[in-house]
Amino acid sequence: MDCLFCKIIAGEIPCDKVYEDEQVLAFKDINPLAPVHILVIPKIHIESVAAVDSENSAVVAHIFEVIAKIAKEQDVDKDGFRVVSNCGENGCQSVKHLHFHILGGRRLDATMG
Ligand code: 5GP
Ligand code: ZN
């Protein structure tokens, strides 16, 4: 499958990994928008939030456990951070493999786009 994040999972494209287990990979965004900008992705290919269903939602629940763990490790849990998942055309999703952005380390813009 021609999917950038599947290639990162397969090790065909390098990444700056911050966390990995059997279900999930997290790595630094190549174009950080904040001092902490990490992407958390499932190892199974799910296209977007719109493709989450009862068959695959367990990995999404696990991703949120991982997000909380990473936020503590990156020391943004106390001051706060943002979790974003862009979906589809209007959501400006550029990579069609489900991913959650963790943004922190600075005061973020209050607008939601
Ligand atoms: P989206 O716009 O789909 O919500 O987010 C995709 C994100 O992936 C962007 O923030 C972009 O900077 C990041 N990205 C795109 N290509 C790569 C890559 O090859 N490596 C890493 N680490 N991040 C990437
Ligand atoms: Zn993929």
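The present account deals with the structure reproduced in this document. Keep in mind that this is a model prediction, so the values were computed, not measured. (Residues numbered from 1 in each chain as written. Chains lettered and ligands numbered in written order. Predicted model: local features only at pLDDT ≥ 70, side-chain atom pairs only at ≥ 80, totals over all residues. Heavy atoms only, no water.)

1. As for unusual backbone geometry
The phi torsion of most residues other than glycine is negative, and most of the peptide bonds are trans.
Reasoning step 1: The backbone of Asp-75 shows a phi angle near 60 degrees, a positive value even though the residue is not glycine.
Reasoning step 2: You can call Asp-75 exposed: its relative accessible area is 59%.
Reasoning step 3: One non-glycine residue with positive phi stands out, namely Cys-92, at about 60 degrees.
Reasoning step 4: Looking at the element boundaries, Cys-92 is found in the loop between strand 4 (81–84) and strand 5 (100–104). (Buried < 20%, exposed > 50% of the residue type's maximum accessible area, 1.4 Å probe, protein only. Helix = DSSP H or I, 4+ residues; strand = E, 2+ residues; numbered from the N terminus.)

2. Examining the coordination of the zinc ion (ligand 2)
Reasoning step 1: Those donors, Cys-3 (SG), Cys-6 (SG), His-45 (ND1) and His-97 (ND1), are the protein atoms that reach the zinc ion (ligand 2), and they lie 2.0 to 2.3 Å from it.
Reasoning step 2: Each of the four donor atoms around the zinc ion (ligand 2) contributes to a set of angles spanning 102 to 117 degrees, which defines the coordination as tetrahedral.
Reasoning step 3: Residue classification places Cys-3 among the buried residues on the basis of a relative accessible area of 5%. (Donors = N, O, S within 2.8 Å, 3.2 Å for Na, K, Ca; no water. Tetrahedral: all angles 85-135°; square planar, octahedral: opposite > 155°, others 65-115°.)

3. So, the pattern of salt bridges
Reasoning step 1: With the rule as written, the count across this model stands at four salt bridges.
Reasoning step 2: Where Lys-43 meets Glu-20, a salt bridge forms, and the shortest distance between an N and an O atom there is 2.8 Å. Taken as a pair, Lys-43 in the loop between strand 3 (36–42) and helix 2 (57–73) and Glu-20 in strand 1 (residues 17–20) lie far apart in primary sequence, 23 residues in all.
Reasoning step 3: When salt bridges with common partners are traced through the structure, they connect Lys-17, Glu-20 and Lys-43 into a single cluster. (Salt bridge = Lys/Arg side-chain N within 4 Å of Asp/Glu carboxyl O.)

4. Looking at the nonpolar core
Taken as a class, soluble globular proteins show a tendency for nonpolar side chains to be buried jointly.
Reasoning step 1: If you look at the biggest cluster of nonpolar residues, it comprises 18 residues, and the most contacted ones within it are Val-24, Ile-38, Val-40 and Ile-70.
Reasoning step 2: Contributing elements (two or more residues each) for this core: strand 2 (24–28), strand 3, helix 2 and strand 5.
Reasoning step 3: Residue contacts for Val-24: discarding those within four places in its chain leaves Tyr-19, Val-40, Ile-41, Lys-43, Val-59, His-62, Ile-63 and Val-66.
Reasoning step 4: Formed by eight residues, the second largest nonpolar core is a distinct cluster that contains Phe-5, Phe-27, Ile-41 and Val-95. (Core = buried A, V, L, I, M, F, W, Y, C linked by side-chain atoms within 4.5 Å. Contact = heavy atoms within 4.5 Å.)

5. Focus: the site of ligand 1
Reasoning step 1: Ligand 1 sits among 16 residues. The nearest are Lys-28, Asp-29, Asn-86, Ser-94 and His-101.
Reasoning step 2: For ligand 1, an oxygen atom lies 2.9 Å from a polar atom in the side chain of His-99.
Reasoning step 3: A distance of 2.8 Å separates an oxygen atom of ligand 1 from a polar side-chain atom of His-101.
Reasoning step 4: Expressed as a share of its isolated accessible area of 520 Å², the protein-covered part of ligand 1 is 82%. (Near = heavy atom within 4 Å. Polar contact = N/O pair within 3.5 Å; in protein donor to acceptor, adjacent residues only side chain to side chain. Areas by Shrake-Rupley, 256 points an atom, 1.4 Å probe, with all protein chains shown as cover.)

6. Observations regarding the environment of Cys-6
Reasoning step 1: Structurally, Cys-6 is set in helix 1 (residues 4–9).
Reasoning step 2: Sequence separation between Cys-6 and Lys-43 is 37 residues; the distance between their C-alpha atoms is 7.4 Å.

7. Looking at the environment of His-37
Reasoning step 1: Mapped onto the elements of the fold, His-37 is located in strand 3.
Reasoning step 2: For the pair His-37 and Val-95, spaced 58 residues apart in sequence, the C-alpha separation works out to 16 Å.
Reasoning step 3: In this structure His-37 touches Phe-27, Lys-28, Asp-29, Asn-31, Pro-32, His-101, Ile-102 and Leu-103, once residues within four positions along its chain are discounted.
Reasoning step 4: Reaching out from His-37, the side chain makes a polar contact with the backbone nitrogen of Leu-33 at a distance of 3.0 Å.

Keep in mind that these numbers describe shape and distance, not what the molecule does.
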